[in-house]
Every structure is written in structure tokens, then in C-alpha cells.
Amino acid sequence: MITVASFQQHAQRLQAPGTSIEAKLQLATEVRESIEIVHTQEYPNFLKYYFKIILQNLAGTKPQRTDNNENKLRSVLLEILNRLPQNDVLKPYVQELLETCMQALRTDNEDNAITCLRVIFDLHKNYRPSLEREVQPFLDFVCNIYKGFADTVTYFFGTEELEGKPGAVPQHKAGELVLSTSSFKVVTECPLIVMFLIQLYPPFIKQNIPILLPLMVNVISISGPRNVPTAMAAHFSDLKAAQVKTVSFLTYLLRSFAEFLIPHQESVSASVVNLLVTSPDSVAIRKELLVATRHVLATDFREGFKSKIDMLLDEKVLIGEGRACFDTLRPLAYSLLAEFIHHVRLHLNLSQLSKIVYLFSRNMHDSSLPLSVQTTCVRLMLNLVESIFRRRGDDMDNMQGRALLVRILDSFVSKFGTVGHTVEQLHKARLEKGGQAT
């Protein structure tokens, strides 16, 4: 633990030319463990003695591809910078801090880059608009990692054999630290910051969105490997998380900048459905994807999904196959699907209508679903009656349509029976409770 009285002496030891990396790591760790001191009135003195020295040590060490002591030193120093309170005391140091973090973001490994992203985000949030000239370098970095996204996929997974040509072998080695420019996790963090920056600095929209948007559309269209080895499952999950976060950003653009996305309507819809097919059974990833899909389907971009309706009616595609996804995501998934079907109900054929009636009549009787979802199922099937009636034509269509209408009516009658039984039980419970009260 360091004390106020030892600031200068301790900092000089960290700066001394003959100090070994191991000793510097120990000294930096002591600073990190005493970081709470920056929340006291000694914060100006802490910055006076340590800030420049921390930046000098970062500049004097190189980014590492293995988790050795030099990498640990850089990680500790960046963590210290991340934990500095961003108030008026730090203001004179902000420009240097941002430039240092931007340099590390471009060259360092994945974990250190993510720490830098947090610092960069907080600096722009707390010191706007004085950092406006640093916005474009960050947006350029984001464009570069999106341009190299396909190479990053190849770096981790290689490529499959195509038309007799041998595929590329994965270049990533176990235990090797991933560079920031080849990191799915870094890509995952970037859309939120870009969204924040274009909200703060609207002049950057016209210059950057036309460049960035096609890159993002291309990124979400990459399927990735078909067969993922168990050892690479975590990286595959990171790949899909990065793509889903990018879809979320594109849905944000739909609200205010739809004109930029109109040329990519078919590509976006195909990519979203492909992500539903290929995403792992991760509740967090699939939930964010469903929320983003719901936003897309609430706009005119739903037209691109009409041809994908059969795939969306497949519960394994919509929800996933994992038990956690099944238990958690069904209410959201069925609500989303019901809204979409309501908009396209007049364009459905009898085969599709039959699948829908089966799915939603079953859900209407599923007591594990919230009452609001059951009610949504009832409303949807009522709205389907007109669609089924409009499909009358030859005798075969008439027979199928009549069978669907009878199935809907039978579902409602059965539900009335269930509701009647439930109401009777509730009435008895209320009478018993009233009798006990008297």
C-alpha cells in the first residue's frame, strides 16, 4: 500500500531506468491496490506524480502476444487509468489520456483494448465537446476492424474446402493473445460507442455512415463455420455476439437514417434470419437478436422478411434448442412473431396459415406462458379468420380453409372450458377468504 507521503518516492522508483519489469509490475500493483486514494483530496497530487510516469511506462513497453510480465504491467497501468475519477481535476490530462488509449487500442491485445474502449467512452461522455477532433480517428479505427472482419473469421476458424480447393488453416494458436484488430470482443464493444458519438457529434454522420454501413451489412452476412470444434465454441459465440451487436446498431440507424439502409433491405433481412439459424444457444445473444429483429419488423423493412416466414415459424430457428432459451425467450419470440404475422397475414398461403394456427392454438393453452402472450395468441387467430376466408377458391382450398376455421373455433371453445374452471376455483377461493375474514 502506498501513502500520501510516499507518492514522489514511489513514483520515482517506477520511473527509474534500472527498474526491472517484475519490479515495475509490483510497484504498479501497489498503486492499483491503493487506487481509492484518488477519491480523496489527494487526487491532484496523485496525478502530479503518477500520471506522466504511467504514460511513459506504457510508451516504453510493447504490446505482447503472450501473457508475460510485460503484458501484465500494461494491463495494470491501463486499469489504473480506467479507474481515475473523470472530473475537473483530471481535465488538464484528458487529451494525453485519450491519445494514449487510442494508441493502445490500435496496437494492443484484446483485453487491454477493451479497457481502453471503456476509458475512451467515458472521456467522450464527460468532456464533450472538447474532444471532437478525436472522434474521426476512432471512427476510422472502427471502419478498419469491420473491413478486416472476414480476415478475423479466417484467422480463428480457417475456411472450408470449396469446389475442390483446399480451405485455409486457422492461424490462431491456443494461449496466444488476440490483437485488438482481430478481436470479436472489440467489435462487440464498438457499435455502442459509435452510436453515442454520432448522437453527440451529428456532423460526422454524413461523412462516416455511408462508409461504415455497407461494412456492417457485409459483416452480419458472414455465416462463419458450419462445424465448430468444442475448443472454438467460445470464439464462435464471440463472433455471433459481435454480429448481433452490429444488427442492434443497424436497427438504431433505421429509426433516423433509414435512407442509408434502403439499398440493403434484402441483405439485412437474410442476414438476420441466418443469425437466428446459426447463433448458439446463449440467452443473452439470442435475446438481443430477437429485440433487434422486433425493431426491424416494426418498420417497412419487414417486407424483406415475407419470403422468410417459413423459417421464422420454425421454433428451433426462432428460439433455439437450449433449455434456458426455451424457458426464457418464448414470450418475446411469440410476441414478435405474432406482430409480424399480423402485418403480413393477407399474404400467407394455407400451408403457412395451418402452421400458424397449430403453433398459436397450442400456445394459447400453455399455462407456462404469461397471460399476455396467451391473449396475443387469441387476438392473432381472430385476425387470421379473414385471411383464411379470403383463400377460398377451389374445393380443396375450401376444405382446408374450413378445417382451419373449425380448429380455431375448437381452440376457443376448449379455452373457454379452461377459463371457466379457473374462474370457478378463483371464486371459491375468494368466498373462503371472505368467510375467514368474518
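Use the structure listed above.
Residues numbered from 1 in each chain as written. Predicted model: local features only at pLDDT ≥ 70, side-chain atom pairs only at ≥ 80, totals over all residues. Heavy atoms only, no water.

## Thoughts on the packing of helix H14 (residues 283-297) against helix H17 (residues 323-344)
Inference 1: In the contact formed by H14 and H17, the axes pass within 10 Å of each other and the chain directions differ by 5°. Between H14 and H17, the crossing angle belongs to the class labelled roughly parallel. Residue-level contacts link Val283, Arg286, Lys287, Leu290, Val291, Thr293, Arg294 and Leu297 of H14 to Ala324, Cys325, Thr328, Leu329, Leu332, Ala333, Ser335, Leu336, Glu339 and Phe340 of H17.
Inference 2: Class assignment of the residues belonging to the contact of H14 with H17 gives a composition of 11 nonpolar, 3 polar and 4 charged. (Axes fitted to C-alpha atoms, helices over the stretch in contact; angles between N-to-C directions. Helix = DSSP H or I, 4+ residues; strand = E, 2+ residues; numbered from the N terminus. Parallel < 35°, antiparallel > 145°, perpendicular 65-115°, else oblique. Contact = heavy atoms within 4.5 Å. Nonpolar A, V, L, I, M, F, W, Y, C, P; charged D, E, K, R; others polar.)

## A few points about helix H11 (residues 233-256)
Inference 1: The terminal C-alpha atoms of H11 lie 36 Å apart, and with 24 residues this matches the ideal 34 Å at 1.5 Å per residue to within 8%.
Inference 2: Of all 24 residues in H11, 17 are buried, a share of seventy percent or more. (Expected span 1.5 Å × (residues − 1). Buried < 20%, exposed > 50% of the residue type's maximum accessible area, 1.4 Å probe, protein only.)

## Looking at the environment of Thr19
Inference 1: Checked against the element boundaries, Thr19 lands in the loop between helix H1 (7-15) and helix H2 (21-33).
Inference 2: Linking Thr19 and His39, residues 20 residues apart in sequence, is a C-alpha distance of 29 Å.
Inference 3: Beyond its immediate sequence surroundings of up to four residues, Thr19 is in contact with Arg13, Lys24 and Leu27.
Inference 4: Among the polar contacts made by the side chain of Thr19, one reaches the main-chain carbonyl oxygen of Ala16 at a distance of 3.2 Å. (Polar contact = N/O pair within 3.5 Å; in protein donor to acceptor, adjacent residues only side chain to side chain.)

## Section: the packing of aromatic side chains
Inference 1: Taken as a whole and judged by the stated rule, the model has 15 aromatic pairs.
Inference 2: A centroid spacing of 5.9 Å and a plane angle of 80° characterise the contact between Phe7 and Phe46, whose relative ring orientation is edge-to-face. Placement of Phe7 in helix H1 and of Phe46 in helix H3 (residues 43-60) is noted, with a sequence separation of 39 residues between them. Across the pair, Phe46 and Phe7 agree in class, each one buried.
Inference 3: Consider the rings of Phe305 and Phe340, whose centres lie 6.4 Å apart with planes at 75°: the pair is edge-to-face. Highlighted residues: Phe305 in the loop between H14 and helix H15 (309-312) and Phe340 in helix H17, separated in sequence by 35 residues. (Phe/Tyr/Trp six-rings, centres within 6.5 Å; stacked < 30°, edge-to-face > 60°.)

## Things to note about H14
Inference 1: When the terminal C-alpha atoms of H14 are compared, their 21 Å separation across 15 residues agrees well with the 21 Å that a helix rising 1.5 Å per residue should span.
Inference 2: Where H14 is concerned, the buried positions are Ile285, Arg286, Leu289, Leu290, Ala292, Thr293, Val296 and Leu297. One side of H14 carries all its buried residues, which in axial view fall inside an arc of 165°. (Arc of directions from axis to C-beta.)

## Some remarks on the pattern of salt bridges
Inference 1: Scanning the model with the defined rule gives 16 salt bridges in all.
Inference 2: A salt bridge links Glu96 to Lys52; the nearest nitrogen and oxygen atoms lie 2.7 Å apart. Remark: Lys52 occurs in helix H3 and Glu96 occurs in helix H5 (residues 94-107); sequence separation between them is 44 residues.
Inference 3: Judged by its relative accessible area of 29%, Glu96 is partly exposed. (Salt bridge = Lys/Arg side-chain N within 4 Å of Asp/Glu carboxyl O.)

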